[in-house]
Amino acid sequence: MYRFLLTPRWWGINLFAVLAIPLCVFMGTWQLGRFEDRVQSHEQAAKQPAPGARAAKPLDDLLPVDTVTSGRPATATGRYADQFLVPGRELDDKSGFYVLNMLRTDDGKALPVVRGWLPGGPGHTPVPAAPAGEVTVTGDLQASENTGTDGVDTAGGLPDGQLGMISAASLVNLVPYDVYDAWVTLQDTDSDGDAEDGALRPVPAVAPQGSGLDLKAFQNLGYTGEWFVFAAFVLFMWFRLVRREAEAARDVRLGLVPDTDADAGTRTA
C-alpha cells in the first residue's frame with residue numbers, strides 16, 4: 001500500500017520533510033538556548049552587588065566594556081578638551097541634553113565624559129565650564145551607544161558642537177585624536193543646586209544590552225515556539241499527504257475509482 005513512497009515525486013516530499021524538521025528543531029533549540037542564557041545572566045546580575053557600589057578601578061583595567069564591567073566605577077586622569085552637547089536626552093521625564101567633555105589622558109587618547117544633564121535645549125541653557133588643569137575623574141563605565149540606544153539621533157544635520165550618538169565611531173570624525181571605545185558618566189558633578197538653577201544633574205548608568213529579561217529575551221522565547229510549531233506542521237502535513245495517498249491507492253485496489261481518477265486526485269492533493 002505504501003509503495004508510492006518510493007516514487008520520484010515522493011522522494012522529493014520525503015527529502016523536504018527530512019531536512020525541514022531537523023532544521024526547525026535545531027533553530028528552536030538555538031533560540032531556547034539564547035533565552036536561557038539571558039535568564040542566567042539576569043540571575044547572576046541580581047546576585048552581584050550593584051556596579052556603582054564596587055570599588056573604582058583604573059579605566060584600562062575594565063576595558064573592553066562587557067556585561068560584567070558595564071556600570072563599574074572607572075577612574076582616569078587627564079585634561080578636559082573638546083566639549084559637545086548631546087540633545088534629545090530625557091531625565092525624570094524631562095527633555096534636556098548631556099554635557100560631554102573629552103578627557104585627554106597622558107597617552108593622548110581621549111575618554112568621553114558625560115559631566116551631567118541640563119534641561120532645555122543646547123544654545124538656550126548656560127553650560128557650566130569644565131574644570132581647568134589636570135583632573136582625576138571617577139565615573140560609571142558605559143559601552144559606546146549604537147542606533148538601538150534610547151535617545152540616539154541618527155538623522156544627522158546637528159549644529160557644530162552637538163553630538164547625536166556617544167560612540168568612538170562618531171567622535172573620531174570630530175576630534176583629531178584617538179577615542180576610547182567607551183564613556184563614563186559622572187555621579188559627582190561638582191555642581192551645587194538643582195538643574196533648574198543651571199547646575200548639572202548626574203546621568204544614571206544604564207544596564208548593558210542583552211544582560212536581562214528585556215524584550216529581546218522574550219522574542220527569543222517566541223521564536224522558539226514558532227520554530228517548534230513549524231516542525232510540527234511539516235510533520236502533520238507529511239502524514240496527511242501519506243494518508244490521502246494511501247486511501248487513494250486503497251480505493252483503486254478495491255475498484256472504487258479508476259486508476260486515472262486516483263492518479264489525478266493524488267496529483268492535485
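Please read all numbers here as calculations on a predicted model, not as lab measurements. (Residues numbered from 1 in each chain as written. Predicted model: local features only at pLDDT ≥ 70, side-chain atom pairs only at ≥ 80, totals over all residues. Heavy atoms only, no water.)

As a further point, take the side chain of E145. Mapped onto the elements, E145 comes out in the loop between strand 5 (134-142) and helix 3 (168-171). If near-sequence neighbours (up to four positions away) are discounted, E145 is found in contact with R89, V152, M165, I166, S167 and W183. (Helix = DSSP H or I, 4+ residues; strand = E, 2+ residues; numbered from the N terminus. Contact = heavy atoms within 4.5 Å.)

All told, the structure shown has 3 aromatic pairs when counted by the stated rule. With a centroid separation of 6.1 Å and an interplanar angle of 55°, the aromatic rings of F35 and F218 are classed as tilted. One end of the pair, F35, is in helix 1 (residues 8-47); the other, F218, is in helix 4 (residues 215-253), and 183 residues separate them in sequence. What makes F35 buried here is its relative accessible area of 15%. On the basis of an interplanar angle of 90° and a centroid distance of 5.8 Å, the ring pair of W227 and F230 is categorised as edge-to-face. Taken together, the residues W227 and F230, both in helix 4 and 3 residues apart, mark about one turn of the helix. Judged by relative accessible area, W227 falls into the partly exposed class, the value being 24%. Taking relative accessible area as the criterion, F230 reaches 41% and is therefore assigned partly exposed. (Phe/Tyr/Trp six-rings, centres within 6.5 Å; stacked < 30°, edge-to-face > 60°. Buried < 20%, exposed > 50% of the residue type's maximum accessible area, 1.4 Å probe, protein only.)

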